[in-house]
Amino acid sequence: QECQRLGLCRFRPIIDGRENSYYEWLYAGRLDLTGQYGAAQRGTQCLRRLSYGYDETRLALRLDLDTDRLSCLSGWTIELWLSRDRRILIAPAGSAAVQARLMPGEAAVPCALGSILEMAVPLEQLGLEAGQPLQLAIVLRRNGDAVERHPDHGSFELPVAGLDLTERTWSA
């Protein structure tokens, strides 16, 4: 299905950090983050896959990661660098909790970390229009130093769905 390949099928995952069902993220777009590493480096890699998709009002993001490895990184943060000089900063916020903030402005972003990391960003806060792609890069830091970056250089380009989503992805 074309909308699944592009990550443009509407869906609304529960942001709880758990894999609730096979169907919850079935229609998401996916980026394999392990492809840029050699076999020897994959064993130390924490971030594995990014899944993304939209509903009428928000961008949903899921990071599949090695939670055991993440818990061993003291002072860890994950940064999602977005179009228009925006970024989401994800950091521990106490025992087993995380917080996510959209910068600039420090707006809270619903986020949860369990076996996976999930978040939902209001589309209006991204400052993009329907059809305009979202630039995205992911950086995992330990005490401020980058330990992983995806992609190595530049950014991923994700299609953005807007209110015209149904007309662009529906087919008989």
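Here, the structure is the one placed above.
Residues numbered from 1 in each chain as written. Predicted model: local features only at pLDDT ≥ 70, side-chain atom pairs only at ≥ 80, totals over all residues. Heavy atoms only, no water.

A short note on the sheet that holds strand 1 (residues 29–32)
Rules: Strands qualify as paired when DSSP identifies two bridges or more between them. Under the scheme used here, helices are H or I runs from DSSP no shorter than 4 residues and strands are E runs no shorter than 2 residues, and both carry numbers assigned from the N terminus. Axes, fitted as lines to C-alpha atoms, cover a helix only where it is in contact. Angles between the N-to-C directions of the axes lie from 0 to 180 degrees.
Read across the open sheet, the five strands follow the order 1-2-3-9-8; overall the sheet is antiparallel. Both edges of this open sheet fall to strand 1 and strand 8 (111–113), since each of them pairs with a single strand only. Sheet twist, expressed as the average angle between the axes of neighbouring strands with direction ignored, equals 15 degrees. Looking at chain direction, strand 1 and strand 2 (residues 47–54) are connected through four bridges and run antiparallel. Bridge pairing links Gly-29 to Tyr-52 in strand 2.

Points about the nonpolar core
When a protein is soluble and globular, its nonpolar side chains tend to lie buried together. Put simply, the rule is: We define the nonpolar core as a collection of buried residues of types Ala, Val, Leu, Ile, Met, Phe, Trp, Tyr and Cys that are connected through side-chain atoms lying within 4.5 Å of one another. Burial classes follow relative accessibility: with a 1.4 Å probe on protein chains only, a residue under 20% of its type's maximum area counts as buried, one over 50% as exposed, and anything between as partly exposed. The criterion used for residue contact is that any of the two residues' heavy atoms lie within 4.5 Å.
Counting residues in hydrophobic clusters, the biggest one holds 37 residues, and the most contacted among them are Ile-78, Leu-80 and Ile-90. Elements supplying a minimum of two residues to this core: strand 2, strand 3 (58–65), strand 4 (76–82), strand 5 (86–92), strand 6 (98–103), strand 9 (116–122), strand 10 (134–142) and strand 12 (156–158). Apart from residues lying up to four places away in sequence, Ile-78 is in contact with Leu-47, Leu-63, Leu-65, Ile-88, Leu-89, Ile-90, Leu-117, Ile-138, Val-139 and Leu-140.

Let's talk about the side chain of Ser-83
In this fold, Ser-83 is placed in the loop between strand 4 and strand 5. In this structure Ser-83 comes out as buried when scored by relative accessible area, which is 9%. Beyond its immediate sequence surroundings of up to four residues, Ser-83 is in contact with Leu-128, Pro-133, Leu-134 and Gln-135.

So, the packing of aromatic side chains
Which entries qualify depends on this criterion: Within 6.5 Å between ring centres, the rings of Phe, Tyr and Trp (the latter by its six-membered ring) count as paired, and their orientation is classed by plane angle as stacked under 30 degrees, edge-to-face over 60, tilted in between.
Across all of its chains, the model carries two aromatic pairs by this definition. A ring pair is formed by Phe-11 and Trp-25, whose centres lie 5.2 Å apart and whose planes are at 65 degrees; its orientation type is edge-to-face. In this pair, Phe-11 is assigned in the loop between helix 1 (2–6) and strand 1 and Trp-25 in the loop between helix 1 and strand 1, connecting sequence segments 14 residues apart. Of the two residues, Phe-11 and Trp-25, neither departs from the other in class, the shared state being buried. Ring geometry for Tyr-22 against Tyr-23: centres 5.1 Å apart, planes inclined by 85 degrees, an arrangement best described as edge-to-face. On the accessibility criterion, Tyr-22 (61% relative accessible area) is exposed.

Considering the environment of Trp-25
Its relative accessible area of 3% is what places Trp-25 among the buried residues. Distance in space between the C-alpha atoms of Trp-25 and Ala-60 is 9.6 Å, their sequence separation being 35 residues. Filtering out sequence-adjacent residues up to four positions away, Trp-25 remains in contact with Phe-11, Pro-13, Arg-30, Ser-51, Tyr-52, Ala-60, Leu-61, Arg-62 and Glu-118.

Overview of the pattern of salt bridges
For the record, the criterion: Definition used for salt bridges: Asp or Glu carboxyl oxygen within 4 Å of a side-chain nitrogen of Lys or Arg.
Throughout the structure, instances matching the rule amount to ten salt bridges. Ionic pairing is found between Asp-66 and Arg-48, a salt bridge with its closest N-O pair at 3.6 Å. Of the two residues, Asp-66 sits in the loop between strand 3 and helix 3 (67–72) while Arg-48 sits in strand 2, which places them 18 residues apart along the sequence. Taking relative accessible area as the criterion, Asp-66 reaches 24% and is therefore assigned partly exposed. With a relative accessible area of 29%, Arg-48 lands in the partly exposed category. Here Arg-141 makes a salt bridge to Glu-79, at a shortest N to O gap of 3.1 Å. Of the two residues, Arg-141 sits in strand 10 while Glu-79 sits in strand 4, which places them 62 residues apart along the sequence.

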